[in-house]
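Residue strings, one per chain:
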Amino acid sequence: MTAATLPLSPVHADQKNAYLLGVEGLSPVEPLVQLTNIHRRFDLGKTQVTALNGVSMDVAPGEFLAVWGPSGSGKSTLMNVLGLIDLPDKGRILFDGTKTLRLEDDELTDFRAQRIGVVFQGFNLVPVLSAVENVMLPLQLRGAPHEEAQDAARKLLREVGLAKFESSRPDQLSGGQRQRVAIARALVVEPQLVIADEPTANLDSENSRMVVDLMREMNRVHSVTFVFTTHDARLLDQVDRKILLRDGEIEKDEVMA
Amino acid sequence: MKNKQPALLMLALRGLTRNRRRSLVTFLAIMLGYAGISLFAGYTHNIYRGLELQAIHGELLGHLTVQKPGMSREGKLDPERYMLNGDEIERIRAIASENQHVRLVAPRMTISGLLSNGRVSTIFVAEGIQPEAARQLRQGLAVVPALAASRNVAGGGVETLDADNRDTVAIANGLAGLMKLDVGDTGAVLVNTLGGQANASDIVVGGIFNTGNASTNDLAAFMPLELVRYLYDAEGRADRLSLLLDDTGSTAVARADLEKRFADAGLALEIQSWDELSSVYRQVREMFNMIFGFIFLIVLTVVAMSVINSMGMAVVERTREIGTLRAIGLRQRGVTRLFTSEAGLLLVIGCGVGFAVTMAVRAIVNAAGISYVPPNQVAAVPLLIDMDERMIVAAVVLAVVGLLAALIPARRAAHQPIINALGHV
């Protein structure tokens, strides 16, 4: 499947394609996220490791973007910076017009809570909460009433095909089911961006395919921007765009035709 | 501002179920520590109350004692100098009666001398008091029947004093045993008058009582005030006045008011409260307060260490979860609140169950009828556990210290970088 065959809404699809492909005659929308000259280093004992070395990239609204590359290429660090979970040592981040590096910790946390959903490689569900309670959690942390959060969580669990498992705890679910719960949790706050760091790394090939399909469907249905990382090239056939990262630098940025 | 607390409380409550054994151990430390300190507080409260009753009503001290300044220090050396005369007594009585809390003003006089049974003699120290005043002072014991029997140090003696029979006295059973005197027997007392003359009188043993204190039980006696005045040759006089109030809680207020009234009237007098005069009460209270403080400190330390350990382990085990919660929108303060809520729930449940255990043990102990003889006492006292406001204070202090202890690991959890927490193995 290619980006051109995706059943996007006309306006959405046109704007995104105009942005991605530079189609003349259409006014491209502003990028959702702009990373400019991002540097990030980590101290590992006495040595310093450069995870990101001057990365600059834009993410368009509604985009389904994969960042791929070998282990240690800086994919996770890029996800963390994109998701405002980690701050770069140097560079600029513009998220929907907001200079996020100027935000205080509480402001950044609230910004994340309202605009960004996160899917983790290890699912990171709260083990003592049921599936529906896990999905409700981000809304409740924002102060949403219980019933409102529960309704929204149930709706999303239905969408990801887990209506029958809403009362199940994470340890009663398979890996694929847990990741679907995690995707529902990421989407429940109706974010502008969902980042997923190696969401299929702990899954078999069948479940990996299912998770990517689900993310693609959610991207289409909810018009939410998805950026995910993978080292499995077989999962890249559905993306609008793929970025190859190597040694902390963007080696190739391909828009899928 | 939207309320995030229900979600955090729910998370905290579920958090306690993750490692049930650890939560149980912390809960038990809090519960047993609190129950222990509460029971001890209730027990010491009963001791204090018993000693209070003993001093005010059993030993007939009353709530306040009014005397000339220096009487308590030098009165025995120069009694005449500190005696109150009849006019002064009446003025004091009139002024004291204006205070709304004062129920009784009783002139008193202490006398010492030799008691003889015709064959041998020994020293005695007697309290001279009007029989009717003594009866009124003792009525307070009836308020607490469970304590009355053990704290009625003058019981069996004072009520035998008779205003119409001046020579009838009550003597402590140690003194009675020493002198081989029984009720109805006669003896003689020999004393010095205020003027230094020898004076004597026959007496009849009307009653025998137990002071409850081994150091006084072989020399104490009660005599009608009129007999003491006769022996001292001090007609109409008294060395002090005992004041009975409507309630022990009014002591400080009444004292302040009376001090002002006496000063305004130009009377140079000093007022001492029952707890200042009862050295036994003061010493026992100081000792038990010290023990209570020591035990409470141990309990606080155990609870604080348990909470720090429990929350510290929880933080380490749930570091990735903390990172996840931070990533999906929980502020640093929220993480702190989450772990302090967990500790708070443990403390509330621990103290709540501890209180229930305290009440159950209290009911059992109070119904069991256990009694014991305290050191330097000659009569058994019942082992009873009262309700005490320190039970509430202990719960509040435990909760505050426990929460402060939880803050240490909670703040550590809240301030770690999110990516470090997410990468924690």
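Residues numbered from 1 in each chain as written. Chains lettered and ligands numbered in written order. Predicted model: local features only at pLDDT ≥ 70, side-chain atom pairs only at ≥ 80, totals over all residues. Heavy atoms only, no water.

(A) Representation of the layout of surface pockets. Considering only enclosed or pocket space, the largest pocket measures out at about 1200 Å³ in volume. Within the residue set of the lining of the largest pocket, elements represented by two or more residues are helix 3 (71-74), strand 2 (102-116), strand 3 (121-129), strand 7 (220-224) and helix 12 (279-317) of chain B. Of the residues in the lining of the largest pocket, the class split is 16 nonpolar, 13 polar and eight charged. Roughly 680 Å³ of internal volume is contained in the second largest pocket. As for the second largest pocket, its lining consists of 33 residues, and the residues nearest its centre are S76(A), T77(A), N80(A), Q121(A) and D197(A). The set of elements that each furnish at least two residues to the lining of the second largest pocket consists of strand 1 (33-44), strand 2 (47-59), helix 2 (75-82) and strand 6 (116-119) of chain A together with helix 16 (418-422) of chain B. Classifying every residue of the lining of the second largest pocket by side-chain character gives 13 nonpolar, 14 polar and six charged. (1 Å grid on protein atoms, 1.4 Å probe; cavity = no way out; pocket = protein on both sides within 12 Å on 5 of 7 lines; lining within 4 Å. Points joined across faces, edges and corners; volume = space filled by probe spheres on them. Helix = DSSP H or I, 4+ residues; strand = E, 2+ residues; numbered from the N terminus. Nonpolar A, V, L, I, M, F, W, Y, C, P; charged D, E, K, R; others polar.)

(B) Looking closely at the interface of chain A and chain B. With 27 residues of chain A at the interface, the matching set in chain B holds 25 residues. Taken over both partners, the interface formed by chain A and chain B buries close to 2400 Å², and the fraction arising from carbon and sulfur atoms is 61%. Taken together, chain A and chain B are joined by five salt bridges. With its nearest N and O atoms 2.3 Å apart, the salt bridge here joins R331(B) to D110(A). Taken together, the links from chain A to chain B amount to ten residue pairs in polar contact (both at pLDDT 80 or more). Split by residue class, the side of chain A that touches chain B holds twelve nonpolar, five polar and ten charged. (Contact = heavy atoms within 4.5 Å. Buried area = accessible area lost by both parts, 1.4 Å probe. Salt bridge = Lys/Arg side-chain N within 4 Å of Asp/Glu carboxyl O. Polar contact = N/O pair within 3.5 Å; in protein donor to acceptor, adjacent residues only side chain to side chain.)

(C) Structural context of helix 15 (residues 389-415) of chain B. Residue and element names in this part refer to chain B. Between its terminal C-alpha atoms helix 15 stretches 39 Å, which fits the 39 Å expected from 27 residues at 1.5 Å a residue. Along its length, helix 15 reaches its greatest deviation from straightness, about 30 degrees, at I408, and the proline P409 lies no more than four positions downstream. Listing the buried residues of helix 15 in full gives R390, M391, A394, A395, L398, G402, A405, A406, P409, A410, A413 and A414. (Expected span 1.5 Å × (residues − 1). Bend = angle between axes of the 7 residues up to and from the residue. Buried < 20%, exposed > 50% of the residue type's maximum accessible area, 1.4 Å probe, protein only.)

(D) Seen up close, the packing of aromatic side chains. All names here are of chain B. Taken as a whole and assessed by the stated rule, the structure comprises ten aromatic pairs over all chains. The ring of Y48 carries the charged tip of R285 above its face, separated from the ring centre by 4.4 Å. Against the face of F292 rests R390, its NZ or CZ located 4.6 Å from the ring centre. (Phe/Tyr/Trp six-rings, centres within 6.5 Å; stacked < 30°, edge-to-face > 60°. Lys NZ or Arg CZ within 6 Å of the ring centre and 35° of its normal.)

(E) Representation of the side chain of S310(B) within the structure. When you line up the elements, S310(B) lands in helix 12. Apart from residues no more than four positions distant in its own chain, S310(B) is found in contact with R22(B), T26(B) and L346(B).

(F) View of the pairing of strand 1 (residues 64-67) of chain B. All names here are of chain B. Residues L64 and V66 line one face of strand 1 and the alternating positions T65 and Q67 line the opposite face, and both faces are buried. Of the strand pairs in this sheet, strand 1 and strand 9 (residues 270-273) are connected by four bridges, and their pairing is antiparallel. When the sheet's bridge partners are listed, Q67 is paired in strand 9 with E270. Pairing of strand 1 with strand 8 (residues 240-245), which is carried by three bridges, proceeds in the antiparallel orientation. The partner of L64 across the bridge, within strand 8, is L243. (Pairing = 2+ DSSP bridges.)

(G) Quick peek at the sheet that holds strand 5 (residues 98-99) of chain A. Residue and element names in this part refer to chain A. Taking strand neighbours across the sheet as the criterion, the four strands line up as 2-1-4-5 in an open arrangement whose pairing is antiparallel. The open sheet is flanked by strand 2 and strand 5, the only strands paired with a single partner. With five bridges connecting them, strand 1 and strand 4 (residues 90-95) associate as antiparallel partners. By the bridge assignment, V33 is partnered in strand 4 with F95.

(H) Structural detail: the sheet that holds strand 8 (residues 225-230) of chain A. Residue and element names in this part refer to chain A. With respect to topology, six strands assemble into an open sheet ordered 6-7-8-3-9-10, the strand pairing being mixed. Only two strands of the sheet have a single partner each, and these edge strands are strand 6 and strand 10 (249-255). Between one strand axis and the next, the sheet turns by 15 degrees as a mean value, whatever way the strands run. Note that strand 6 and strand 7 (residues 193-196) share four bridges and pair parallel. (Axes fitted to C-alpha atoms, helices over the stretch in contact; angles between N-to-C directions.)

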